[in-house]
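Structure at a glance
Each chain, letter by letter, is given below.
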Amino acid sequence: MKLLAGIFLIFLVIDVAALPPDESITLEKLSFGSCAGLFNKKANIFEDVAKENAQVWLWLGDVAYVDTFIFPNFWVNSSPEYVKKTFDHEKSDRNYQKIIAQSQILGVWDDHDYNHNNGNKHNPTKDWVQQLFLEYLDEPESSLRWNQKGLYTSYNYGDEDHRVKIIILDTRYFCDSSKDGPNADNLGETQWEWLEQQLIDAKSAKFTIIASSIQVLPDDRIVTERLLPYTRKRMFDLLALHETEGVIFLSGDVHYGEVMRAPCPIGDMKYGVYEFTSSGLSHHASTDIPLEDYFMECFFPKTYNVSERVIDFNYGIIEFDWSDLSNPEMTLKVMQSGDRVFYQETIKRSQLMIPQHDNSAESNCILDQTASQRFFGYALNSWAYPSRAAYMVMLIVLVAFLLYSLYTAVRWNYQIFKKLQLTGKYCTLLNGHKKGKSD
């Protein structure tokens, strides 16, 4: 009897469907994260997320790794059967099921749940993967996303006094190749037209959350995915054109968490926007590549950082305080496993508004330097700090060792090849000599 009861309970847990979005609620707590299930690693941190009892859980990509790993940084498209099986496996996680039972589930894909590592618009599987992804989210049948191309969408939570607009971008479906020139774009014209209308509608919102699966602000870091330069510039031009206030970006992808803010307005913007990144539910930078965290310390400038990076399992929390409707607040919390707060900051809406007095020209800003100047300045300055200098030495030694190992392997294989080649020639001559003697 107990066995039957246990099986029944397991069935109930697995069969839970996500709550449909209810935009009439006043949003008080939102949780979000990205990157779960690499090599079927379990996201134990979901237990902590479930305890938050947030009204909304927002996926910012890589809800599962559905493409097939061949070797580092080389993945291939998987079959529909494998993709569905992987989505179902991740969805059946007992702690994630608790989140589904209590929170509205929103989300968008990145590359690995798009079935194409670092994928762009040339992914041949994107249309049927979109359907399976929406099944994973328990997307309502009435959603436009079942029939549109791409997963971009928006939500308006709360009444006029408590309005929070969430704009979710799709940076994959329409994305050009980075080799397509200076106008290579992540969003595509259809999505740009839609986004402009969303920003016009955002005039009535107290806060506007723009969710992107990849980072928006950083433009001076090496080896990282982020919005293409054309897309980034056009994004800030559009925000400036419509004087959109109360904007904060959310992002994932990078396998660590951080809070950033533009140290001065970008382009024609009149205030410095924030970006909150959370990535690393089942794995993080230190579990991916040995010494990757040291590499980032040396070569990822902290131009935009207001927090340190959390290189640990993490998720993000945003809490809204509506006690002062004239100037509401939101508190950003970078959360680590064990329900630990790594960093938190409270932002008033007035900090995200166009100031009455334009003081943008009153002081110099680090953004006046080019991205290359900022990168090389940070990398060279690393030698002034003993800890970073030690990391640099370690990295140089490691790279030298790897290059020497590669050189040795190539040389060794070349020598073997030459010997085999000579042996082959000798065998050919010998066979010819024997044939001549027999004649």
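Structural notes, computed from the coordinates. (Residues numbered from 1 in each chain as written. Predicted model: local features only at pLDDT ≥ 70, side-chain atom pairs only at ≥ 80, totals over all residues. Heavy atoms only, no water.)

**Description of empty space enclosed by the protein**
- As enumerated under the stated definition, the model contains one cavity of 30 Å³ or more in all.
- By volume, the largest cavity is sized at about 40 Å³.
- Considering the residues around the largest cavity, the lining is formed by Ala18, Leu19, Pro20, Pro21, Ile105, Leu106, Leu137, Asp138, Glu139, Pro140 and Tyr155.
- Classifying every residue of the lining of the largest cavity gives nine nonpolar, no polar and two charged. (1 Å grid on protein atoms, 1.4 Å probe; cavity = no way out; pocket = protein on both sides within 12 Å on 5 of 7 lines; lining within 4 Å. Points joined across faces, edges and corners; volume = space filled by probe spheres on them. Nonpolar A, V, L, I, M, F, W, Y, C, P; charged D, E, K, R; others polar.)

**As for the sheet that holds strand S10 (residues 258-261)**
- Ordered in space as S6-S7-S8-S9-S11-S10, the six strands form an open sheet in which the pairing is mixed. Every interior strand has two partners, whereas the edge strands, strand S6 (153-157) and S10, have only one. Neighbour-to-neighbour, the strand axes of this sheet turn through a mean angle of 20°, independent of strand direction.
- Pairing of strand S8 (residues 207-211) with strand S9 (residues 247-251), which is carried by four bridges, proceeds in the parallel orientation. Bridge pairing in S9 links alanine 211 to leucine 250.
- Strand contacts of helix H6 (residues 188-201): S6, strand S7 (164-168) and S8, with the helix running at about 170° to S7, the strand carrying the most contacts. (Pairing = 2+ DSSP bridges. Helix = DSSP H or I, 4+ residues; strand = E, 2+ residues; numbered from the N terminus. Axes fitted to C-alpha atoms, helices over the stretch in contact; angles between N-to-C directions. Contact = heavy atoms within 4.5 Å.)

**Section: the packing of aromatic side chains**
- Overall, the coordinates contain 27 aromatic pairs when judged by the stated rule.
- When the centroid spacing of 6.2 Å and the interplanar angle of 45° are considered together, the rings of tyrosine 152 and phenylalanine 174 count as tilted. Of the two residues, tyrosine 152 sits in the loop between helix H5 (126-137) and S6 while phenylalanine 174 sits in the loop between S7 and H6, which places them 22 residues apart along the sequence. Like tyrosine 152, the residue phenylalanine 174 is buried in the burial classification.
- Feature note: the residues Phe46, Trp57, Trp59, Phe87, Tyr96, Trp109, Tyr114, Phe133 and Tyr136 constitute an aromatic cluster, connected by ring pairs. (Phe/Tyr/Trp six-rings, centres within 6.5 Å; stacked < 30°, edge-to-face > 60°. Buried < 20%, exposed > 50% of the residue type's maximum accessible area, 1.4 Å probe, protein only.)

**Details of the pairing of strand S1 (residues 29-33)**
- Counting buried positions over the five residues of S1 gives five, a clear majority of the element.
- Judged from the four bridges that link them, S1 and strand S12 (residues 314-321) form a sheet pairing that is antiparallel. For leucine 30, the partnering residue across the bridge sits in S12 and is isoleucine 318.
- As paired elements, S1 and strand S2 (residues 56-60) share four bridges and run parallel to each other. Counterpart to leucine 30 in the pairing with S2 is valine 56.

**Concerning the pattern of salt bridges**
- Counted under the stated rule, the structure contains 22 salt bridges.
- Between arginine 172 and glutamate 225 there is a salt bridge whose closest N-O contact spans 2.6 Å. Highlighted residues: arginine 172 in the loop between S7 and H6 and glutamate 225 in the loop between S8 and helix H7 (229-241), separated in sequence by 53 residues.
- Measuring nitrogen to oxygen at the nearest pair gives 3.7 Å for the salt bridge that ties aspartate 219 to arginine 232. With aspartate 219 in the loop between S8 and H7 and arginine 232 in helix H7, the pair connects residues that are 13 residues apart, well separated along the chain.
- Shared partners join several salt bridges into a network, and the residues in it are Lys29, Glu52, Glu319 and Lys333. (Salt bridge = Lys/Arg side-chain N within 4 Å of Asp/Glu carboxyl O.)

**Details of the side chain of asparagine 95**
- The topology assignment puts asparagine 95 in helix H4 (residues 94-102).
- According to the relative accessible area criterion, asparagine 95 is buried, its value standing at 11%.
- Every residue in contact with asparagine 95, bar those within four places of it in the chain, is listed here: Phe46, Glu47 and Ala50.

**What to know about the packing of H6 against H7**
- As a packed pair, H6 and H7 sit with axes 10 Å apart at the nearest point and diverge in direction by 25°. Taken together, the axes of H6 and H7 are roughly parallel relative to one another. In this structure, H6 meets H7 at a crossing whose hand is right-handed. Residue-level contacts link Glu189, Trp192, Leu195, Glu196 and Leu199 of H6 to Tyr230, Thr231, Arg234, Met235, Leu238, Leu239 and Leu241 of H7.
- Considered class by class, the residues forming the contact of H6 with H7 number eight nonpolar, one polar and three charged. (Parallel < 35°, antiparallel > 145°, perpendicular 65-115°, else oblique. Left-handed = near helix turned anticlockwise from the far one by under 90°.)

**A closer look at the environment of phenylalanine 375**
- Following the sequence through the fold, phenylalanine 375 ends up in helix H10 (residues 371-381).
- With 74 residues separating them along the chain, phenylalanine 375 and proline 301 place their C-alpha atoms 6.1 Å apart.
- Among all residues touching phenylalanine 375, those that are not within four sequence positions of it are Asp220, Ile222, Phe299 and Pro301.

**Observations regarding the sheet that holds strand S14 (residues 340-348)**
- Ordered by their spatial adjacency, six strands build an open sheet running S5-S2-S1-S12-S13-S14, and the pairing between neighbours is mixed. Pairing within the sheet leaves two strands with one partner each, and these edge strands are strand S5 (104-108) and S14. The mean inter-strand angle of the sheet, taken between neighbouring strand axes irrespective of direction, is 20°.
- Two elements, S12 and strand S13 (residues 329-336), share eight bridges in a ladder whose sense is antiparallel. Paired with isoleucine 318 across the bridge in S13 is leucine 332.
- Sitting on the sheet, H4 is in contact with S2 and S5, with an inclination near 110° to S5.
- Contacting S2 and S5, H5 crosses the sheet at an angle of about 155° to S5.

**Examining a nonpolar patch on the surface**
- The grouping of Phe39, Phe69, Ile70, Phe71, Phe74 and Val76 at the surface amounts to a nonpolar patch, some 540 Å² of accessible area in total.
- Elements that contribute at least two residues to the nonpolar patch include exactly strand S3 (68-71) and strand S4 (74-76).
- For the nonpolar patch, the leading source of residues is S3, giving three residues.
- Secondary-structure assignment places valine 76 in strand S4.
- Relative accessible area serves as the criterion here: at 31%, valine 76 is assigned to the partly exposed category. (Patch = residues over 30% accessible without salt bridge, like charges linked within 9 Å, V, L, I, M, F, W, Y side chains within 5 Å. Areas by Shrake-Rupley, 256 points an atom, 1.4 Å probe, with all protein chains shown as cover.)

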